[in-house]
Every structure is written in C-alpha cells, then in structure tokens.
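Geometric and topological summary
Chain residues, written in single-letter form:
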Amino acid sequence: MKRTRLPIIALASSLVLAGCSNLGNLTSVTDDPCQTLQSVVADYSSGFESYRGSGSSYRLVTIYRAKEELVRGHCEIWAWGDKESAYTCTVGTPNREVSQIRFAQAEEKMTRCLGTAWSTETAIRERDGKPAGEVVRFRNSGGNSPIVSLHRVDDSNRQSVYLYIGSAGRETE
C-alpha cells in the first residue's frame, strides 16, 4: 500500500481532512482514513494481528506500535493476556475548545465512515463521580464486531481525544 502524509485535523481518530491552523495539523500515513478505519475494525477478530508492529511487554499487557496509523505517532495496539486486544489512537489538545472541535469533527467523519449499519450512543464520561468529558459509542449489530468509541477527556490536568476499537469490557481501562 502506498503511504503518504496528508494534513489532517484530527480528533483522536484523525479522520478529518481539513485545514484549520489554530487546531494544529496531525498527519496520517494512509491515503484513505475511512478505508483504514474499516480495515482496522475488520481485523478485530484476529486481535489486530496484521497491524501489530514492535511491542513492549509488561506484566498484564503488551503494547504494540501500530503499523498503520490513523494518526501518525499516536496509535497503538494493546493486547492483554486474556486474548483481548484494542486499537487506540490518543491525541492531547491544548484546551477544552480545541478538544470539543476535534471531537465533533471526528464524530461526524466516523459516522460517515462506519455507515448506517452502526448505531450511536452518546454519554457523559465520569471520573470519581464527576463529569470528565464525553463519549460517543458506535455499535454494529453484526456478530463479532467490536465497539468503536470516540472519547473527549476533560479533567483538570489534561484535555485529549481518543479513538478506541475493541471489546466493551476494556473500553474505559
């Protein structure tokens, strides 16, 4: 597959292909982020095996660099000992306004990329019983499909947006 750099205004998923200099440009290594997203989702049943690069093993998890990244330098695959895996991309933002804009743009793009077979659910993220951002979850009624979720993390120490593709049980770990 030909790899090129495309300017991307991204939320964690870096699926937004537009230019807004005040948001900061991120790059992707894929010509077609929608196709890459769909391919990553399709590889869920194999534990994202074809996307695993070099890894670092820890007591409970091995973290692999993603061979194909929706956001250059920000994606990895987490593999737990219980055979569960997740593909994640995380991007920090300088403030709440930027994280809200990136989140909204990524949600719109992901909705288009995943298509009508996926339903959405929006919720408030909580941390220690207090609001800490928001999440939109995409679910497919198909048998072995993962949950795909987009999170906007908002707490006093950090602002970020991240994409999660994996089992619902590991989504908030």
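In this text, all values refer to a predicted model and were calculated from it rather than measured experimentally. Going along each chain's sequence as written, the residues are numbered from 1 onward. A pLDDT threshold of at least 70 governs which residues receive local features in this predicted model, and a stricter bar of 80 or more applies before side-chain atom pairs are shown or counted, although totals over entire chains, interfaces and linings include all residues. Heavy atoms throughout the structure, all of them, feed into the side-chain values; hydrogens and water do not.

Okay, the state of the cysteines next. Cysteine sulfur atoms that pair up within 2.5 Å are treated as a disulfide. The final tally for this structure, using the stated rule, is two disulfides. Paired through a disulfide, Cys-34 and Cys-113 show a sulfur-sulfur distance of 1.8 Å. Residues Cys-34 and Cys-113 are joined through a disulfide that is left-handed, its torsion about the S-S bond being -50°. With Cys-34 in helix H1 (residues 33–42) and Cys-113 in helix H2 (residues 96–114), the pair connects residues that are 79 residues apart, well separated along the chain. We note that Cys-34, like Cys-113, is buried. In this model Cys-75 forms its disulfide with Cys-89; the gap between the sulfur atoms is 2.0 Å. The chirality of the disulfide connecting Cys-75 with Cys-89 is right-handed, given an S-S dihedral of about 105°. With Cys-75 in strand S5 (residues 75–80) and Cys-89 in strand S6 (residues 85–92), the pair connects residues that are 14 residues apart, well separated along the chain. Residue classification places Cys-75 among the buried residues on the basis of a relative accessible area of 5%. Secondary structure elements are taken from DSSP: a helix is a run of H or I of four residues or more, a strand is a run of E of two residues or more, and numbering for both begins at the N terminus. Relative accessibility under 20% of the residue-type maximum defines a buried residue, over 50% an exposed one, and the middle range a partly exposed one, all with a 1.4 Å probe and only protein chains included.

A word on the sheet that holds strand S8 (residues 130–140). Pairing is antiparallel across the open sheet formed by eight strands, whose spatial order is S3-S4-S5-S6-S10-S9-S8-S7. In this open sheet, the two edge strands, each paired with only one partner strand, are strand S3 (52–57) and strand S7 (118–127). In this sheet, adjacent strand axes meet at a mean angle of 25° when their direction is disregarded. Alignment of strand S4 (residues 61–66) against S5, held across five bridges, turns out to be antiparallel. Bridge pairing in S5 links Ile-63 to Trp-78. Here, residues are in contact when the closest pair of their heavy atoms is within 4.5 Å. To get an axis, a line is fitted to the C-alpha atoms, and for a helix only the part in contact is used. The angle between two axes follows their N-to-C directions and goes from 0 to 180 degrees. Taken strand by strand, H1 contacts S6, S7, strand S9 (147–154) and strand S10 (159–166), and its axis lies near 50° from that of S10. Set on the sheet, H2 makes contact with S6, S7, S8, S9 and S10; between it and S9 the angle comes to about 170°. Strand pairing is assigned whenever DSSP detects at least two bridges linking the two strands.

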